[in-house]
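Examining the three-dimensional arrangement
Listed below, chain by chain, are the residues.
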Amino acid sequence: YSSKDLHGAEFIDSYVFNKAEYVRFNSTVGKYVGYTEHGVYNAETWNKGSELVRELGQLERFCKHNADIHYSAILDKTGEQG
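Attention here is on the structure that accompanies the text. (Residues numbered from 1 in each chain as written. Predicted model: local features only at pLDDT ≥ 70, side-chain atom pairs only at ≥ 80, totals over all residues. Heavy atoms only, no water.)

A pair can form between side chains of opposite charge whenever their charged atoms are brought close. For the coordinates displayed, the defined rule picks out two salt bridges. Among the ionic pairs, Glu21 bridges to Arg24, the shortest N-O distance being 2.7 Å. Here Glu21 falls in the partly exposed class, since its relative accessible area comes to 25%. On the basis of relative accessibility, which here comes to 27%, the residue Arg24 falls in the partly exposed class. The partner of Arg54 in a salt bridge is Glu55, and the shortest N-O contact between them spans 3.9 Å. What makes Arg54 partly exposed here is its relative accessible area of 42%. Overall, Glu55 belongs to the buried group, its relative accessible area being 2%. (Salt bridge = Lys/Arg side-chain N within 4 Å of Asp/Glu carboxyl O. Buried < 20%, exposed > 50% of the residue type's maximum accessible area, 1.4 Å probe, protein only.)

Structure, rendered in structure tokens:
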């Protein structure tokens, strides 16, 4: 997100092996997307199970909650002279 209004916040959970991303969850897309043969298999499996439900709640449960708490400590102080 880039403003105090968290409307455009996005949660991305990437899975990487050997420096190559093979599967990613993006809250805007709302599902897992695979980038390799193994990643496509995992994405299809995870999109049918409880993993998807857990990830869908992370934006509200974790990201927005913590962003609101830490916003003033990080972003409101940018540009201030010390």
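Although it is not a glycine, Asn18 adopts a positive phi angle of roughly 55°. The topology assignment puts Asn18 in the loop between β1 (12-17) and β2 (20-26). Even without being glycine, Lys19 reaches a positive phi, approximately 65°. Residue placement: Lys19 occurs in the loop between β1 and β2. (Helix = DSSP H or I, 4+ residues; strand = E, 2+ residues; numbered from the N terminus.)

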